[in-house]
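Chain by chain, the residues:
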Amino acid sequence: MKYSDYLKKRFNAKVHKVSVDAGFSCPNRDGKIGEGGCIYCDNRAFSFQNRNQTQLSLEQQVEEGIEAAQKRFKAEKFIIYFQAHTNTYAPVEELKEKYDIIKRFKDVVGISIGTRPDCVDNEILELIASYADDYDVWIEYGLQSIHNKTLGFINRGHAYEDFLKSIELTRKYPIKICVHLILGLPNETKEMMLETAKEMARLRIDGIKIHPLHVVKGTKLEELYLQGKYLPLELNTYIELLSGFISLLWPDTLIQRLSAYCPKELLVAPEWVSKRNIIESSIS
Ligand code: SF4
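Everything quoted here is computed from the prediction, not taken from an experiment. (Residues numbered from 1 in each chain as written. Predicted model: local features only at pLDDT ≥ 70, side-chain atom pairs only at ≥ 80, totals over all residues. Heavy atoms only, no water.)

Caption draft 1: Geometry of the overall build of the chain. Across its full length, the chain holds 11 helices and nine strands. Relative to a compact globule of 284 residues, whose C-alpha radius of gyration would be 19 Å, the chain shows 18 Å and is just as compact. Projecting the C-alpha coordinates of the chain onto the three principal axes gives extents of approximately 50 × 40 × 40 Å. In the chain, which comprises 284 residues, the share counted as buried stands at 54%. Here the analysis covers contacts within the chain between residues at least 6 apart in sequence; of these, 80% occur between residues at least 24 apart. Just so you have it, the chain exposes about 13,900 Å², and 49% of that area is on carbon and sulfur atoms. Across the chain, the mean location of the 38 positive side-chain charges is 4 Å away from that of the 39 negative side-chain charges. (Helix = DSSP H or I, 4+ residues; strand = E, 2+ residues; numbered from the N terminus. Rg over C-alpha atoms; globule rule 2.2 N^0.38 Å. Buried < 20%, exposed > 50% of the residue type's maximum accessible area, 1.4 Å probe, protein only. Contact = heavy atoms within 4.5 Å. Areas by Shrake-Rupley, 256 points an atom, 1.4 Å probe, with all protein chains shown as cover. Lys, Arg positive; Asp, Glu negative; His and termini not counted. Charge placed at Lys NZ, Arg CZ, Asp CG, Glu CD.)

Written as structure tokens, this is what we have:
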């Protein structure tokens, strides 16, 4: 089922996700787990100066996001998506203070928290689950691939086994799980990508977000691309891989996203990555 259909059915209204940057960091960048971050991660997003200049308060971000979605999409209800960086990477008191922002907006019906598989524990999951009586509650784990060789190459700083542990832990709570995956990672064959889909089906994951690997300016991946060591997927190849991938998923998995968005000024390649309409219409 499409995620949009699920939301419509569940809330009987047009629901839109409002993304926020709550000012968290990432342990794969600050030295706690690793340094340099994932090879495709945009360094400028972590620039302190950049953040200070552009960052609105959390409340302003929610307010403006809701207003924009009402105007642009005629949305009636909202899910607040803690998107930027690792949104469970802080003391639990700080997490609660930030997540509680959802209580200040009457039309907010859900919360979705993006994080890494190695950044949750029982205390954090208990906090997240505490919203489940009143809200649709999701956690979004960045995984990208089940293959440890690939995770090592892209410098994720965690193994597939960490993801399996986080799934086991999360399933003790009333929290739905969405997994982020990338097609076209360096050195991955079609068979490897399809193995990732089969694993997601075996685990009966609630939701999936998929996108093609794309090269962002200023990243380690850009260096590899410029040296000819990484070749992005062609659009047709991506669509073919994506169709095969989706066909292997558990039928009840909600597909939340089929591509990515990257601002033109930051995108190096492939140029088609933000053409979500073309991709979506080729799949459905
Ligand atoms: S885990 Fe996420 S935020 Fe951290 S380096 Fe990787 S992509 Fe960037």
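Caption draft 2: Geometry of the packing of aromatic side chains. All chains considered together, the criterion is met by eight aromatic pairs. Measuring from centroid to centroid gives 6.1 Å for Y3 and W138, while their planes differ by 90 degrees, and the two rings are edge-to-face. Linking Y3 in helix α1 (residues 3-11) with W138 in strand β4 (residues 136-144), this pair joins segments that are 135 residues apart in sequence. By relative accessible area, which is 1% here, W138 ends up buried. Ring centres of Y6 and W138 lie 6.3 Å apart, and the angle between their planes is 85 degrees; this geometry places the pair in the edge-to-face category. Of the two residues, Y6 is situated in helix α1 and W138 in strand β4; the sequence distance between them amounts to 132 residues. Each of the two residues, Y6 as well as W138, counts as buried. Here the aromatic residues Y3, Y6 and W138 are joined through ring pairs into a cluster of three or more. Sitting over the ring of Y81, K17 keeps its end group 4.6 Å from the ring centre. Positioned above the aromatic ring of F24 is the side chain of K98, whose terminal nitrogen or guanidinium carbon lies 4.6 Å from the ring centre. (Phe/Tyr/Trp six-rings, centres within 6.5 Å; stacked < 30°, edge-to-face > 60°. Lys NZ or Arg CZ within 6 Å of the ring centre and 35° of its normal.)

Caption draft 3: Broad picture of the side chain of S166. With respect to the helices and strands, S166 occurs in helix α7 (residues 160-170). The class for S166 is buried, based on a relative accessible area of 2%. Contact partners of S166, with chain neighbours within four places excluded, come to P117, V120 and Y141.

Caption draft 4: Highlighting the environment of E76. Position of E76 among the secondary structure elements: in the loop between α3 (58-73) and β2 (77-82). We classify E76 as partly exposed; its relative accessible area is 45%. Sequence spacing of E76 and T150 is 74 residues, and the spatial spacing of their C-alpha atoms is 41 Å. Dropping the residues within four chain positions of it, E76 is found in contact with A13, K14 and D107.

Caption draft 5: Expanded view of the sheet that holds strand β3 (residues 108-115). Pairing is parallel across the open sheet formed by seven strands, whose spatial order is β1-β2-β3-β4-β5-β6-β8. Of all strands in the sheet, those with a lone pairing partner are β1 (15-20) and β8 (254-257), marking the two edges. Neighbour to neighbour, the strand axes of the sheet diverge by 25 degrees on average, direction disregarded. Two strands pair when backbone bridges link them, and β4 and strand β5 (residues 176-183) are joined in this way by six bridges, in the parallel orientation. Across the sheet, the residue bridging to I139 is I177, located in β5. (Pairing = 2+ DSSP bridges. Axes fitted to C-alpha atoms, helices over the stretch in contact; angles between N-to-C directions.)

Caption draft 6: Quick look at the site of the ligand. Not every one of the 10 residues close to the ligand is listed here, only the nearest: C26, G37, C38, C41 and R116. When grouped by side-chain class, the residues that make up the shell around the ligand number five nonpolar, two polar and three charged. (Near = heavy atom within 4 Å. Nonpolar A, V, L, I, M, F, W, Y, C, P; charged D, E, K, R; others polar.)

Honestly, that's just the spatial picture; any functional story needs more than this.
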